[in-house]
Amino acid sequence: MKNDNSRIWDHRKELWRLTRPAKLPGIRIFLFHMIGVYLAMANTAITGAQEYWVFLASEPKLWLTFLSVVLVSATSMVINDYYDAKLGRDALKLKEHNQRKALVEGDVSLPMTKRLLTYLYAISLMVMSFLPGVATRLTVNSGLIMTYLYTVHLKPVPLLKNVACAALIAMAPLTSGFATISILGKGNVWLVRQLWSLFGAMFWGVLGREIMMDCKDMVIDRAAGVKTIPVLWGQAKAASVALLTTVILSALTCLPLGKECWNVVQSGNIRTNSAFRRFSFAILGSGMMLRRSWQVYKSEGKATGVLERAINESSLTVALLLASFI
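Procedures and definitions
- Residues numbered from 1 in each chain as written.
- Predicted model: local features only at pLDDT ≥ 70, side-chain atom pairs only at ≥ 80, totals over all residues.
- Heavy atoms only, no water.
- Helix = DSSP H or I, 4+ residues; strand = E, 2+ residues; numbered from the N terminus.
- Buried < 20%, exposed > 50% of the residue type's maximum accessible area, 1.4 Å probe, protein only.
- Contact = heavy atoms within 4.5 Å.
- Areas by Shrake-Rupley, 256 points an atom, 1.4 Å probe, with all protein chains shown as cover.
- Axes fitted to C-alpha atoms, helices over the stretch in contact; angles between N-to-C directions.
- Parallel < 35°, antiparallel > 145°, perpendicular 65-115°, else oblique.
- Nonpolar A, V, L, I, M, F, W, Y, C, P; charged D, E, K, R; others polar.
- Phe/Tyr/Trp six-rings, centres within 6.5 Å; stacked < 30°, edge-to-face > 60°.
- Patch = residues over 30% accessible without salt bridge, like charges linked within 9 Å, V, L, I, M, F, W, Y side chains within 5 Å.
- Salt bridge = Lys/Arg side-chain N within 4 Å of Asp/Glu carboxyl O.
- Core = buried A, V, L, I, M, F, W, Y, C linked by side-chain atoms within 4.5 Å.
- Expected span 1.5 Å × (residues − 1).
- Bend = angle between axes of the 7 residues up to and from the residue.
- Left-handed = near helix turned anticlockwise from the far one by under 90°.

Caption draft 1: Main features of the overall build of the protein chain. On a plain count of helices and strands, the protein chain comes out with 16 helices and zero strands. By the burial criterion, 48% of the 326 residues in the protein chain qualify as buried. For the protein chain, restricting intrachain contacts to residue pairs at least 6 apart in sequence, the fraction spanning at least 24 positions comes to 74%. When the accessible surface of the protein chain is totalled, it reaches about 15900 Å², and 64% of it is carbon and sulfur.

Written out as C-alpha cells, the structure is:
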C-alpha cells in the first residue's frame, strides 16, 4: 500500500490534469453553486444581500456541498478519460486535433487512474454522509452513480449518454439549492419552482452543446466505434436535434419571464420590478444560442469553424441565462 501511495503522489501533477482543473473548481461550478443557494434563499423570503453573502461564506455544510459537487465533477472527468483511453478514442483525438492527454502520453497508467477513481469515490461517499438533507444526499449519490453508468453502460447508447451528461451538470445548482433549504429548515425542497426551472434550462442547453461536440468529433467517434447521433443519423439530423434543444431552452427561459413582464405592465409597478432586467438577459442569452444553433443547422453540422464558435460561445450564453434567474 505504501508503494501505491508513493506512486500516486509521484504522479500527482499528471493525475491532477485528468480532473481538468480549468473546468471544475473554477468559476463555472462555483457560479452554479452560488445561484442554487440564491434561488433557495429567495424561496424562503431571505433576499438581503448581506444575509446571502454571510450565509454563503460562513455555513460549513454549504462548503461541504460545494466540495461534493466538485468531487462529482472531478470523478466524471477522470472516469471519462479512463474509458476513452481504454477504447482508444483519446489516441485518435491526439492524432486528429493534437489534444494531449496524460493517459495517451503514458504519463500515468490505467491501473493508477483506476486507483485514483477508487479514492475519489471513497472520499465523495464520506463527504456525502455529512451533507444536509435527504434530497441533497440523493442528488450527490445519483451524480456519482451516473458517472459510473455513463462510462460503462450509457456512453455506447446514442442520445442517452448526452442526456446523462446534461443531467449531471444541471444537478449542480439543484444540489446547492436543496442543501440551503435543508439547512434553513424552511420550505419543501421538491417544490421550489425556480430551482427546477434552472435545472430544465441548463439541461436542454448542455444537451444541445453535447450534440454539437459530437458533430465536431464524428470522425474520431466513428473510428473508435462510439455510436453517437452524428455517427448513426448523420451530422445534419444531429444539428436539427441540437437546434430543437435550443428552442426548448429559449421557451423555458423567455416565456415565463415574458408573462411576468406583461403582468407587471398590467399592474403598473414597472420601476420597482426586476422582471424586465431578467427578461433582457434571457432574450440576449437564448438569442445568441439560437443564432449559433441555426448556423450549425444551416451548415448541416459539418462546418468545423461554425461548430467551434457555437461551442466556445456557450460559456458566455450560460452566464447570461444564469443572470436571468437573479
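Caption draft 2: Main features of the packing of helix 11 (residues 193-216) against helix 16 (residues 304-323). With their axes 10 Å apart at the nearest point, helix 11 and helix 16 run at an angle of 170 degrees to one another. Judged by the inter-axis angle, helix 11 sits roughly antiparallel to helix 16. Each of Leu198, Arg209, Met212, Met213, Cys215 and Lys216 in helix 11 lies in contact with helix 16, whose residues at this interface are Leu307, Glu308, Ala310, Ile311, Ser314 and Leu322. Tallied by class, residues from the contact of helix 11 with helix 16 come to eight nonpolar, one polar and three charged.

Caption draft 3: Looking closely at the packing of aromatic side chains. Overall, the coordinates contain twelve aromatic pairs when judged by the stated rule. Ring geometry for tryptophan 196 and phenylalanine 199: centres 5.9 Å apart, planes at 75 degrees, overall edge-to-face. Placement of the pair is tryptophan 196 and phenylalanine 199 together in helix 11, with a separation of three residues, close to one helical turn. Judged by relative accessible area, which is 32%, tryptophan 196 ranks as partly exposed.

Caption draft 4: Looking closely at a nonpolar patch on the surface. Nonpolar side chains collect at one region of the surface, where Leu138, Trp190, Leu191 and Trp196 lie side by side and expose about 430 Å² of accessible area between them. Tracing the backbone through its elements, the reader meets tryptophan 190 in the loop between helix 10 (160-184) and helix 11. Take tryptophan 190: its relative accessible area is 44%, and that puts it in the partly exposed class.

Caption draft 5: Looking closely at the pattern of salt bridges. A full pass over the atoms with the stated rule returns four salt bridges. Residue arginine 278 is joined to glutamate 260 by a salt bridge in which the shortest nitrogen-to-oxygen separation is 2.6 Å. Residue arginine 278 is found in helix 15 (residues 275-298), and its partner glutamate 260 is found in helix 14 (residues 235-267); the two are separated by 18 residues along the sequence. Overall, arginine 278 belongs to the buried group, its relative accessible area being 9%. Classification of glutamate 260 as partly exposed rests on a relative accessible area of 28%.

Caption draft 6: Quick peek at the nonpolar core. With 68 residues, the main nonpolar core has Leu195, Leu198, Met212 and Val296 as its most contacted residues. Among all residues touching methionine 212, those that are not within four sequence positions of it are Ala242, Ser293, Val296, Leu307, Ala310 and Ile311. The next biggest cluster of nonpolar side chains, apart from the first, holds eight residues, and it includes Met34, Tyr52, Leu56 and Leu62.

Caption draft 7: Structural context of unusual backbone geometry. Unlike most non-glycine residues, glutamate 300 shows phi in positive territory, near 60 degrees. Considering the arrangement of structural elements, one finds glutamate 300 in the loop between helix 15 and helix 16.

Caption draft 8: Examining helix 10 more closely. Over its 25 residues, helix 10 extends 36 Å from the first C-alpha to the last, a length consistent with the 36 Å expected when each residue adds 1.5 Å. Along its length, helix 10 shows its largest kink, about 35 degrees, at alanine 172, and proline proline 173 lies within four residues downstream of that point. Within helix 10, 19 of the 25 residues are buried, leaving the element largely enclosed by the surrounding structure. One or two steps after helix 10, the chain reaches glycine 185, where phi turns positive at roughly 70 degrees.

Caption draft 9: Up close: the packing of helix 11 against helix 14. Between helix 11 and helix 14, whose axes approach to 8 Å, the crossing angle comes to 160 degrees. Overall, the two elements helix 11 and helix 14 adopt an arrangement that is roughly antiparallel. Handedness of the crossing formed by helix 11 with helix 14: left-handed. Facing Gly200, Ala201, Trp204, Gly205, Leu207, Gly208, Ile211, Met212 and Cys215 of helix 11, the residues of helix 14 in contact are Gln235, Ala238, Ala239, Val241, Ala242, Thr245, Ile248, Leu249, Leu252 and Thr253.

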